[in-house]
Amino acid sequence: DNYVLFNNSLWRIISVENDNTIKIIKDDSLDSMPFDEEGYRNNDNNTYCTSNDGCNEWGINNNISGGLYTTQNATINDYLNNDYYSTLSENSKKYIEKHDFNVGRIYLGYEDTNYGQHVSHASATIQQYWIALLNTYDYIIASLDENCTNIYRAKEENGGYCKNQNYLNKTYNQWTLNGTSLSNKSWVWAIDNGMTNALEAKESREIRPVLYLKSNIYISGKGTKLEPYQLLDN
């Protein structure tokens, strides 16, 4: 019972944060597109992104590691915070909180990693946006399967447990917010057929926007798909 009607479409509640904002994700995809198009970032102005396979850095970052930096956002970042944001109604925009997102890399998982380590890695880089994507660790914790403990356990060759009893799982393949590692600059975490997978950023996957609702909103409804929560003016 975590459905919300926002901007005349169905969204799902991911979490209620410590600041009482409500993190939600669109229940269906907007479209399919690359995380970062090949050649979208100018290599002369982005010392971190030097390949033609796209880049796993979500936004502008002046100090990635060892003096490496990006001066441009990923393709999908620009799309969500410019093109898509502009399509939202003014009434819907007033409910959105510009919020911190954990955009750091979640390193390729091994069996002894855990959810807490995933959060720690992702929160190593925090940036504010109106809209972003699902954190990879949000997908892990959404599963009710007790075997779903980390990214490693969500991969097909290691059971793919995290697709089980997971309301965030969809039949299509979708991007998440997090890259994998500094040594694999073009690799980004995606969810393919319910299982985590590292893909080159230039590939196309479905996009499901994630945003935060303000802490002072009022709601009505039951939260079901037929009677979703609706946002009210306070």
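Our structure is the block above this text.
Residues numbered from 1 in each chain as written. Predicted model: local features only at pLDDT ≥ 70, side-chain atom pairs only at ≥ 80, totals over all residues. Heavy atoms only, no water.

K.L.:
How would you summarise the overall build of the protein chain if you had to cite specific residues and measurements?
P.N.:
Regarding its fold elements, the protein chain presents 5 helices and 16 strands. The C-alpha radius of gyration computed for the protein chain amounts to 17 Å, which stays within 12% of the reference 17 Å derived for 234 residues, consistent with globular compactness. Referenced to the eigenvectors of the C-alpha coordinate spread, the extents of the protein chain come out at roughly 50 × 40 × 30 Å. For the protein chain, the residues scored as buried account for 52% of the 234 residues in total. Taking all contacts inside the protein chain whose residues are at least 6 apart in sequence as the whole, residues at least 24 apart take part in 63%. Of the roughly 10600 Å² that the protein chain leaves accessible, carbon and sulfur atoms contribute 42%. Seen as two clouds, the 19 positive and the 30 negative side-chain charges of the protein chain have centres 3 Å apart. (Helix = DSSP H or I, 4+ residues; strand = E, 2+ residues; numbered from the N terminus. Rg over C-alpha atoms; globule rule 2.2 N^0.38 Å. Buried < 20%, exposed > 50% of the residue type's maximum accessible area, 1.4 Å probe, protein only. Contact = heavy atoms within 4.5 Å. Areas by Shrake-Rupley, 256 points an atom, 1.4 Å probe, with all protein chains shown as cover. Lys, Arg positive; Asp, Glu negative; His and termini not counted. Charge placed at Lys NZ, Arg CZ, Asp CG, Glu CD.)

K.L.:
Tell me about the state of the cysteines, and name the residues and values.
P.N.:
Enumeration over the complete set of coordinates arrives at 2 disulfides. The disulfide that involves C148 links it to C162, with 1.9 Å between the sulfurs. Across the disulfide from C148 to C162, rotation about the S-S bond amounts to roughly 100 degrees, and the bridge is consequently right-handed. Placement of the pair is C148 in the loop between α4 (136–142) and α5 (151–154) and C162 in the loop between α5 and β10 (174–181), with a sequence separation of 14 residues. Judged by relative accessible area, which is 10%, C148 ranks as buried. Cysteine pairing for the protein chain (bonded cysteines numbered in sequence order): 1-2, 3-4. (Disulfide = S-S within 2.5 Å.)

K.L.:
How would you summarise the side chain of D145 if you had to cite specific residues and measurements?
P.N.:
Here D145 shows up in the loop between α4 and α5. It turns out D145 is buried and unbridged, and the closest side chain with the opposite charge, R153, is 7.2 Å from it. (Salt bridge = Lys/Arg side-chain N within 4 Å of Asp/Glu carboxyl O.)

K.L.:
Outline the packing of aromatic side chains, listing residues and values.
P.N.:
Under the defined criterion, the tally for this structure stands at 7 aromatic pairs. When the centroid spacing of 6.2 Å and the interplanar angle of 90 degrees are considered together, the rings of W58 and Y129 count as edge-to-face. Within this pair, whereas W58 is found in the loop between β4 (31–34) and β5 (61–65), its partner Y129 is found in strand β9 (residues 126–129), the two being separated by 71 residues in sequence. Both residues of the pair, W58 and Y129, belong to the buried class. Clustering of aromatic rings is evident, with ring pairs tying together F35, W58, Y129 and W175. (Phe/Tyr/Trp six-rings, centres within 6.5 Å; stacked < 30°, edge-to-face > 60°.)

K.L.:
Can you explain the pairing of β9? Please cite residues and give values.
P.N.:
Where a strand is regular, its side chains alternate between the two sheet faces. Residues Q127 and Y129 point to one face of β9 and are all buried, whereas I126 and Q128, pointing to the other face, are not buried. As paired strands, strand β8 (residues 99–102) and β9 are joined by 4 bridges and run antiparallel to one another. Opposite F101, over in β9, you have Q127 as the bridge partner. (Pairing = 2+ DSSP bridges.)

K.L.:
Describe empty space enclosed by the protein, and please don't skip the residues or the numbers.
P.N.:
If you walk through the whole model with that rule in mind, you get 1 cavity of 30 Å³ or more. Roughly 40 Å³ of internal volume is contained in the largest cavity. Around the largest cavity, the lining residues are D36, E37, G39, Y40, R41, N43, C49, S51, G54 and C55. (1 Å grid on protein atoms, 1.4 Å probe; cavity = no way out; pocket = protein on both sides within 12 Å on 5 of 7 lines; lining within 4 Å. Points joined across faces, edges and corners; volume = space filled by probe spheres on them.)

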